[in-house]
Amino acid sequence: MPEVIFNGPAGRLEGRFHPAKKRNAPIALVLHLHPQFGGTMNNQIVYQTYYMFAQRGFAVLRFNFRGVGRSQGTFDHGQGELSDAAAALDWVQTVHPDARACWIAGFSFGAWIGMQLLMRRPEVEGFISVAPPANLNDFSFLAPCPSSGLIIHGEDDKVVPQKDVQTLVDKLKTQKGIVINHQEIPGANHFFEKHVDDLMGRCGDYLDERLGITPADYIPID
């Protein structure tokens, strides 16, 4: 799990990168929750999502947005963080230029940034959006959403009410050519306290289904 430092638009960005063993392995980028509410790349859900992709043979990067940890810069209300995410994806693609596929996963604020990034990057073929803040941020840019993906949130989320996520899902499901898998986790709040294992199990099952693999295909992680 090597520590990496790469250049972002506001200075150096700090990350953790798991390289893939195959040259044409898929790549994934994992984005953390809101920097002003304690979000970092070391959040449990971010870390476990990173591990999930690595276990399935991906080259995967998680990193701190500007102003978090040792990443330079200051919080920029989403615009700068989107530029950070684009720089992060560029960096992974320079390390794995032969990648056959690209995925983006994000948690809360990171889900909002990730879904903006996939609108700009046609190579992204799948996404996992955990607790997207549909009531706090504008998702109207998804017109249309270019990729199929998973939207998953807690049934008892008080930060992002279920009805707001449902409105987003209903809008996306009217679009042709993509499939949105929508799941709610009973009893889970915005941070999935006591429900992280259920969350990760569902995300892993979705990824396995999309990739056409089983646990027998997983790669041991040192």
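Analysis parameters
- Residues numbered from 1 in each chain as written.
- Predicted model: local features only at pLDDT ≥ 70, side-chain atom pairs only at ≥ 80, totals over all residues.
- Heavy atoms only, no water.
- Core = buried A, V, L, I, M, F, W, Y, C linked by side-chain atoms within 4.5 Å.
- Buried < 20%, exposed > 50% of the residue type's maximum accessible area, 1.4 Å probe, protein only.
- Helix = DSSP H or I, 4+ residues; strand = E, 2+ residues; numbered from the N terminus.
- Contact = heavy atoms within 4.5 Å.
- 1 Å grid on protein atoms, 1.4 Å probe; cavity = no way out; pocket = protein on both sides within 12 Å on 5 of 7 lines; lining within 4 Å.
- Points joined across faces, edges and corners; volume = space filled by probe spheres on them.
- Nonpolar A, V, L, I, M, F, W, Y, C, P; charged D, E, K, R; others polar.
- Pairing = 2+ DSSP bridges.
- Axes fitted to C-alpha atoms, helices over the stretch in contact; angles between N-to-C directions.

Under an unreviewed UniProt entry, the name given to the protein is Alpha/beta hydrolase, and the source organism is Roseibium limicola.

Turning our eyes to something else, we now look at the nonpolar core. Within the largest apolar cluster, 40 residues are counted, with the highest numbers of intra-cluster contacts made by Leu29, Leu31, Leu61, Phe63, Ile113 and Leu172. The greatest single-element share of this core, amounting to six residues, is contributed by helix H3 (residues 109-120). The contact partners of Leu31, leaving out residues within four places of it in the chain, are Val46, Phe63, Phe65, Ala85, Ile104, Ala105, Gly106, Phe107, Gly110, Ile113 and Gly114.

Let us now look at the layout of surface pockets. Approximately 270 Å³ is the volume attributed to the largest pocket. Taken together, 14 residues line the largest pocket, and the ones lying closest to its centre are His34, Phe37, Ser108, Phe109 and Leu136. Considered class by class, the residues forming the lining of the largest pocket number nine nonpolar, five polar and no charged. Along its surface, the second largest pocket is lined by 13 residues, and Lys22, Pro26, Arg56, Gly57 and Arg100 are the ones closest to its centre. Of the residues that constitute the lining of the second largest pocket, the class distribution is seven nonpolar, one polar and five charged.

With that out of the way, let us pick up the sheet that holds strand E6 (residues 124-130). Spatially, the eight strands line up as an open sheet ordered E1-E2-E4-E3-E5-E6-E7-E8, and their pairing is mixed. On the outer flanks of this sheet lie strand E1 (3-8) and strand E8 (180-185), each paired with one strand and no other. The mean angle between the axes of side-by-side strands here comes to 20°, regardless of whether they run parallel or antiparallel. In the sheet, E1 pairs with strand E2 (residues 11-18) via six bridges, with the strands oriented antiparallel. Note that in E2 the partner of Glu3 across the bridge is Arg16. Of the strands in this sheet, E1, E2, strand E3 (27-31), strand E4 (59-63) and strand E5 (102-107) touch helix H2 (residues 79-95), which is tilted by about 155° from E3. In this fold H3 packs onto E3, E5 and E6, with an angle of close to 150° to the strand it touches most, E5.

Ala143 connects to Pro144 through a cis peptide bond whose omega is -5°. You can see Pro144 is positioned in the loop between E6 and strand E7 (148-154). One non-glycine residue, Ser108, lies in the positive phi region at around 60°. Note that Ser108 resides in the loop between E5 and H3. If you check the backbone angles, Ala131 has positive phi at about 50° while not being a glycine. Within the fold, Ala131 resides in the loop between E6 and E7.

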